[in-house]
Amino acid sequence: MTDRYGVIGHPIAHSRSPIIHMLFARQTGEDISYEAFDIPPEALERELRRLVKEGLLGFNVTVPHKQAVAEMADSLVGQAKRARAVNTVTVTTDGSLVGDNTDGIGLVRDLRANLDIRLEDQLILVLGAGGATRGITPALLEAGPAQLTIANRRPERAEALAEEFASLGPVQACAFDDLPRQPFDLVINATSAGLHGETPPFPGSIIGPETVCYDLSYAMTETPFLAWAREHDCRHAHQGWGMLVEQAAESFLIWRGRRPETAPVLKQLR
Ligand code: ATR
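Residues numbered from 1 in each chain as written. Predicted model: local features only at pLDDT ≥ 70, side-chain atom pairs only at ≥ 80, totals over all residues. Heavy atoms only, no water.

## A short note on the overall build of the chain
What the chain contains, in helices and strands, is 10 helices and 12 strands. A compact globule built from 270 residues should have a C-alpha radius of gyration of about 18 Å, and the chain, at 18 Å, falls within 12% of that. Taken along the three principal axes of its C-alpha coordinates, the chain extends 60 × 35 × 30 Å. Considering the chain as a whole, with its 270 residues, one finds that 53% of them fall into the buried category. Long-range contacts, defined here as pairs at least 24 residues apart, represent 68% of the contacts in the chain between residues at least 6 apart. Accessible surface, the chain: about 12,300 Å² in total, of which carbon and sulfur atoms supply 49%. Of the charged side chains in the chain, 26 are positive and 35 negative; the average position of the first set lies 4 Å away from that of the second. (Helix = DSSP H or I, 4+ residues; strand = E, 2+ residues; numbered from the N terminus. Rg over C-alpha atoms; globule rule 2.2 N^0.38 Å. Buried < 20%, exposed > 50% of the residue type's maximum accessible area, 1.4 Å probe, protein only. Contact = heavy atoms within 4.5 Å. Areas by Shrake-Rupley, 256 points an atom, 1.4 Å probe, with all protein chains shown as cover. Lys, Arg positive; Asp, Glu negative; His and termini not counted. Charge placed at Lys NZ, Arg CZ, Asp CG, Glu CD.)

What follows is the structure, encoded as structure tokens:
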């Protein structure tokens, strides 16, 4: 019998996860199906119960449910324990929900393995302090940066995250206006401003000749953040396609016990 998986989010129509997991299934010969479920926040608990009853063996979780599912899960494992945000759920035989998070591992893997970007001893800046930042911060700190700075429009949210993750490594917080007037080695956009076609007023001084810019968002054309980076003479800029495929491969590994090859899938998606 075909094993059922899926992704829950709101909205979800834009999700590439079904196509990515179908390509993984074809590549590995695993007999799975993967569907997208549009679930508004007010229906989350009820719909999750329905999916479990229907026999789903696991699901990915995307915006805006990652923190809510972390609270609902029966147990948190892996990076979800630290991040307190879930992007991968495994349903056990007794119907309990085990929450994990592969976003940070996916990002670090794309940066290191696919893009050959060094993280150890580097000055890393994360723009934004929402759910996306929560998901990636533990993995970034584990990668051993010299300093991780979280900057946000509402600095109190950045400060709360910096405080929460302080035991994992050197992390500090500030407002965009208070960013040091010096280039960072790596600047990661984790705001959702680009989804509304906006670019917040980041100071151009954060970009130097060797700065790498990485947008967690991805699009078929240039994202607003990468357009901003180009306008500020950034020479190394990447969209989040690689992270998308790498986090999916980590979820597939959790569910099926084997990690698909990501390079051919990334090539096909682009
Ligand atoms: P996600 O799960 O995608 O991170 P979120 O938790 O709603 O979503 O967080 C969105 C992030 O993008 C926040 O850091 C938000 O800044 P605030 O915390 O100050 O609200 C940021 N963001 C969204 N739109 C923005 C804009 N136009 N300018 C600056 N920051 C923006």
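## Remarks on the domain arrangement of the chain
Taken as a whole, the chain is organised into domain 1 (3-101) and domain 2 (104-240). Its C-alpha centre places domain 1 at a distance of 26 Å from the equivalent point of domain 2. Opposite the eight residues of domain 1 that make contact, domain 2 presents 13 residues. Summing both sides of the interface, domain 1 and domain 2 together bury roughly 880 Å²; the carbon and sulfur share of this comes to 49%. Where domain 1 touches domain 2, the interface holds one salt bridge. (Domains from an automatic or database assignment. Buried area = accessible area lost by both parts, 1.4 Å probe. Salt bridge = Lys/Arg side-chain N within 4 Å of Asp/Glu carboxyl O.)

## Some points on the environment of Trp241
Residue placement: Trp241 occurs in helix H9 (residues 241-256). By relative accessible area, Trp241 is classed as buried at 5%. Separated by 15 residues in the primary sequence, Trp241 and Arg256 place their C-alpha atoms 22 Å from one another. A distance of 3.3 Å separates a polar side-chain atom of Trp241 from the backbone oxygen of Ala219. (Polar contact = N/O pair within 3.5 Å; in protein donor to acceptor, adjacent residues only side chain to side chain.)

## Regarding the packing of aromatic side chains
In this structure the tally under the stated criterion is eight aromatic pairs. Aromatic side chains Phe24 and Phe252 sit 5.6 Å apart centroid to centroid with 75° between the ring planes, which places their arrangement in the edge-to-face category. With a gap of 228 residues between them, Phe24 in helix H1 (residues 17-28) and Phe252 in helix H9 connect regions that are remote in the sequence. The pair Phe24 / Phe252 is uniform in exposure class, with both members buried. (Phe/Tyr/Trp six-rings, centres within 6.5 Å; stacked < 30°, edge-to-face > 60°.)

## Regarding H1
Think of an α-helix as turning once every 3.6 residues; residues three or four places apart then point the same way. With 12 residues, H1 should cover 16 Å at 1.5 Å per step; its first-to-last C-alpha distance of 16 Å lies within 8% of that length. Of all the positions in H1, only Ser17, Pro18, Ile20, His21, Leu23, Phe24, Ala25 and Thr28 are classed as buried. On its buried side, H1 packs onto strand E1 (3-9), strand E2 (32-38), strand E3 (58-61), H9 and helix H10 (263-269). (Expected span 1.5 Å × (residues − 1).)

## So, the layout of surface pockets
Its boundaries defined by the atoms lining it, the second largest pocket holds a volume of some 190 Å³. What lines the second largest pocket is simply Glu45, Leu48, Arg49, Val52, Met72, Asp74, Gly95 and Leu97. With four residues, the top contributor of residues to the lining of the second largest pocket is helix H2 (residues 44-53). When the residues that make up the lining of the second largest pocket are grouped by side-chain class, the tally is four nonpolar, one polar and three charged. (1 Å grid on protein atoms, 1.4 Å probe; cavity = no way out; pocket = protein on both sides within 12 Å on 5 of 7 lines; lining within 4 Å. Points joined across faces, edges and corners; volume = space filled by probe spheres on them. Nonpolar A, V, L, I, M, F, W, Y, C, P; charged D, E, K, R; others polar.)

## Digging into the site of the ligand
Close to the ligand lie 14 residues, the nearest being Ala129, Asn152, Arg153, Arg157 and Glu198. Arg154 places a polar side-chain atom, nitrogen or oxygen, 2.9 Å from an oxygen atom of the ligand. A total of 640 Å² of accessible area belongs to the ligand in isolation, and the protein chains cover 80% of it. Taken together, the residues of the shell around the ligand sort by class into four nonpolar, six polar and four charged. (Near = heavy atom within 4 Å.)

## Some thoughts on the pairing of E3
Burial along E3 is two-sided: Gly58 and Asn60 and Phe59 and Val61, pointing in opposite directions, are all buried. With four bridges connecting them, E1 and E3 associate as parallel partners. In the sheet register, Gly6 faces E3, and the bridge partner there is Phe59. Relative to strand E5 (residues 88-91), E3 is paired through three bridges, and the arrangement is antiparallel. Bridge pairing links Phe59 to Val89 in E5. (Pairing = 2+ DSSP bridges.)

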